[in-house]
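# Coordinates in review
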Amino acid sequence: DMWSALLDGPTDVSRAALDLASELHDVAAGAFLAGVAAARTTRSGRVAVVGGVRTVRGGGPVLHEAGFRAGVHHAADGVEVEAHYVSEPPDFTGFMDTERARRLTTTAYRQGVDIVFQAAGMVAGQGVLEAARNWHEATGAWNWVIGGDLDERLTRESRLRPFVLTSLRRQIPS
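Residues numbered from 1 in each chain as written. Predicted model: local features only at pLDDT ≥ 70, side-chain atom pairs only at ≥ 80, totals over all residues. Heavy atoms only, no water.

By secondary structure assignment, the location of Gln-118 is in strand E5 (residues 115-119). In terms of polar contacts, Gln-118 uses its side chain to reach the backbone amide nitrogen of Ala-120, at 2.8 Å. In this structure Gln-118 touches Val-50, Gly-125, Val-128, Val-145, Ile-146, Gly-147, Gly-148, Glu-152 and Arg-156, once residues within four positions along its chain are discounted. (Helix = DSSP H or I, 4+ residues; strand = E, 2+ residues; numbered from the N terminus. Polar contact = N/O pair within 3.5 Å; in protein donor to acceptor, adjacent residues only side chain to side chain. Contact = heavy atoms within 4.5 Å.)

Let's shift gears to the nonpolar core. Counting 20 residues, the largest nonpolar core has Tyr-109, Val-113, Val-116, Val-128, Leu-129 and Val-145 as the members making the most contacts within it. Within the residue set of this core, elements represented by two or more residues are strand E3 (46-53), helix H4 (98-110) and helix H5 (121-139). Of the residues forming this core, the biggest block, six residues, is contributed by H5. Sequence-distant contacts of Val-128, that is, excluding residues within four places in its chain, are made with Val-50, Ala-101, Arg-102, Thr-105, Val-116, Gln-118 and Val-145. Counting 17 residues, the second largest nonpolar core, distinct from the first, contains Ala-31, Ala-38, Val-72 and Ile-146. (Core = buried A, V, L, I, M, F, W, Y, C linked by side-chain atoms within 4.5 Å. Buried < 20%, exposed > 50% of the residue type's maximum accessible area, 1.4 Å probe, protein only.)

Read across the sheet, five strands follow the order E4-E3-E5-E6-E7 without closing on themselves; strand pairing throughout is parallel. The open sheet has two free edges, formed respectively by strand E4 (80-87) and strand E7 (164-167), since each of these has just one partner strand. Each strand of the sheet is rotated relative to its neighbour by a mean of 20 degrees, with strand direction disregarded. As defined by bridge partners, E5 adjoins strand E6 (residues 144-147) across three bridges and the pair is classed as parallel. Of the residues in E6, the one forming a bridge with Ile-115 is Trp-144. Contacting E3, E4, E5 and E6, H4 runs over the sheet at an angle of about 160 degrees to E4. Strands in contact with H5 are E3, E5, E6 and E7; relative to E5, the strand with the most contacts, it is inclined by about 165 degrees. (Pairing = 2+ DSSP bridges. Axes fitted to C-alpha atoms, helices over the stretch in contact; angles between N-to-C directions.)

So this is what it looks like as structure tokens:
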């Protein structure tokens with residue numbers, strides 16, 4: 001027998017297919033905690049979300065942004081939150097565009113942001129982390145990235161790990 005899993009998809013799909021398990025994650029709650037961490041760590045008072053695509057589908061970056069904003073505002077007064085998206089629907093290539101994610105993150109750092117919550121996925125998220133490393137090499141400043149979905153201190157290559165403040169993890173039960 002073969003089973004399939006659908007993460008953060010419509011729950012009614014599992015009713016139609018007996019071999020499909022569906023699970024929804026409350027990404028906004030996890031992102032809220034990421035926002036609290038950002039608000040309590042920022043030195044500049046400016047933080048940002050870099051998302052792959054401006055969408056709510058599949059626990060999308062817009063839900064990450066909402067939770068992150070709520071967490072920042074809950075934890076500290078006066079901290080500014082920016083949001084930057086690699087692409088807009090119907091263009092869903094933003095999750096795969098490492099270079100554009102790198103450029104958006106670098107621009108945010110140039111404008112005074114010192115912590116970026118990456119909601120861009122594994123591929124475009126690589127660009128977010130590379131921007132933090134490049135910024136450090138160019139300026140000596142330690143700007144942070146809060147990872148999304150996985151513990152990015154464990155999943156990213158060693159040269160990028162020092163720039164990960166913490167990560168929002170979606171735990172898949174066994």
